[in-house]
Structures are given as C-alpha cells and as structure tokens.
Amino acid sequence: MDSAEIEQCFEVALGLVKEAGQVVREAIKKQKTIETKSCNVDLVTESDKAVEKLLIEGLAKAFPSHKFIGEESTAAGAKCVLTHDPTWIIDPIDGTMNFVHSLPYTCVSVGLWAGKEALVGIIFNPVLDQMFTAKKGQGAYLNGERIRVSGQKDLSQALIFAEMGTSRDPEKVKTVLTNLTTLMPRAHGVRGMGSAALGIASIAAGWGDAYYHLSLHCWDTAAAASLLVVEAGASCVTLQAAHLT
Ligand code: IPD
C-alpha cells in the first residue's frame, strides 16, 4: 500500500473508531448482557458484538477488497487467517472484564496489516478520551501529541505492566503467580490494567517501563504491540519460555 492509501485507511478507521467509542462510552454506564466464551471469566457483551459490527461494516463499505479478523467474529466461528492482503484486525472492546464492571480502562483496538506487517494502529479509550495512534515509520501519538517510551533500563526503578490472563488452568495460573513472585521484589512496581492494548499503550506513553503477557491473541497485539509501542521506541519480542528468570 502506498502512503496515500495508508493515510486514507487511517482517516476512515479513525472516524469509525470515534463512533465505536461513543457506543462504548454510553454502554459502560448501563446494565450489560454478558455471555462467556472459552471459560467463565472470558466475557463478551452485546456491546463487543455491536462495536465489531459497526467497525467491520464501515471498513468493508470503504474498502470492499480488504479482509478482517475480529475477536468476536472469530469466537463465533469465522476463520482467523492472516494473508498478505490488507487485513483489519479488530478487538472491539479490549478489557471486556473492566467494561462489565464499569472500570474505565477499556478500549477499542484496530490494526491494519498488509504484506504481513502492521501499517496503522488505533487504540481508543473513549471513557478517558485517550486516542493512541500510529502509522508505520511515522511515530506514536496520544491525542495528537508525540509519545515515546521511558528509556528506563534499571529493573529496580521500572514500573512493569503485566496481566493475569483469562486462563484458570491450574498450571497456567501457577506460571503467572511464579512470574509475579520472581518479578515483584526486583521491580519498582507491578501493575495489571486489565486491557492488554491499554497496558502496552501505557508503555508507549512512558507511563510504565515494560510489559509482558503470556498467551495474547492477535487482536490484543495487532495495533498496540506490533506498531504503537514500536513506533514509540520499544522492542517487542515473543517470549521463548513461560517462566521469567
Ligand atoms: C483481554 C484483555 C486482558 C488480557 C486477556 C485478553 P478482551 O482481552 O486484554 O487484559 O489479560 O488475555 O483476552 O477479552 O477483554 O478483549
């Protein structure tokens, strides 16, 4: 895709993400209809589905040849396949558990990939009005202001963002807790925000110094980890082992 096409994609997606944000901003104050997915703490609400529909319909209208990977479409049985074609990867509400509890750390996350690389990333917390944006090679922004990672390299002075994840498999829970036990005494602090995309975006903004999570899905990482935080100056790696040492 050339830079004019990327710009056009960015502008259309930005408008739709703002519309989606309005849906989330209204719905977070109200009673939610909640269903479970892989386990009883992996949640989906009618708003997750409505936002994903709004985004996919709007993007498909503007870009009929583009493909889609969406968290809720995948949960409903759609194939989750990334080709070289332009593909929008969507998490309609990242931090659904927070959303269900009306905790304002929740966001809409949209990434555009083509040639198997991330070109556009938009992560929007509509409750706190935080719009994180990135285009490949053009830096990372929060509400239009350039953001950069903290540059902190001393673990004893670093605020680490981590997540517990939704798995309740005893072995996985043990790994999560063992990692926290290893890390907590060595770090300045450890935080879990409950939204992977917002946790990673916080590192891009320099509000924390590192982030890790075991078993993330592509819609959690497509915009924030694969583009925004990298454009802000971070290194992003796949862990080779589940245990921190
Ligand atoms: C979840 C959140 C959470 C993370 C889970 C994700 P969802 O996404 O990002 O922080 O720990 O692994 O599944 O389900 O709220 O879109």
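By convention here, each chain's residues receive numbers from 1 onward along its written sequence. Given that this is a predicted model, residues contribute local features only at a pLDDT of at least 70 and side-chain atom pairs are listed and counted only at 80 or more, while totals for whole chains, interfaces and linings are drawn from all residues. Each side-chain value is worked out from all heavy atoms of the structure, with water and hydrogens disregarded.

A. Layout of the environment of S73. With respect to the helices, strands and loops of the structure, S73 is situated in helix α3 (residues 71-75). With a relative accessible area of 23%, S73 lands in the partly exposed category. The spatial distance from the C-alpha of S73 to the C-alpha of K49 is 8.3 Å, given a sequence separation of 24 residues. Secondary structure elements follow DSSP: runs of H or I no shorter than four residues count as helices, runs of E no shorter than two count as strands, and numbering proceeds from the N terminus. Type-normalised accessible area, obtained with a 1.4 Å probe on protein chains alone, sets the label of each residue: buried when under 20%, exposed when over 50%, and partly exposed for intermediate values.

B. Expanded view of helix α6 (residues 196-204). Counting buried residues in α6 gives 9 out of 9 residues, a clear majority hidden from the surface. Residues of α6 that are buried: A196, A197, L198, G199, I200, A201, S202, I203 and A204. Of the residues one or two after α6, G206 is the one with positive phi, at around 80°.

C. Inspection of unusual backbone geometry at higher detail. Despite not being glycine, D129 has its phi angle at roughly 55°, a positive value. Structurally, the position occupied by D129 is in the loop between β6 (117-125) and β7 (130-135). Unusually for a residue other than glycine, S215 sits at a positive phi of about 60°. Among the residues examined, S215 registers a relative accessible area of 59% and is labelled exposed.

D. Quick peek at the environment of E35. Inspection of the secondary structure puts E35 in strand β1 (residues 34-36). In sequence terms E35 and T238 are 203 residues apart; their C-alpha atoms lie 31 Å from each other. By the convention used here, residues are in contact when the closest approach between their heavy atoms is within 4.5 Å. Sequence-distant contacts of E35, defined by excluding residues within four places in its chain, comprise D42, L43, V44 and K49.

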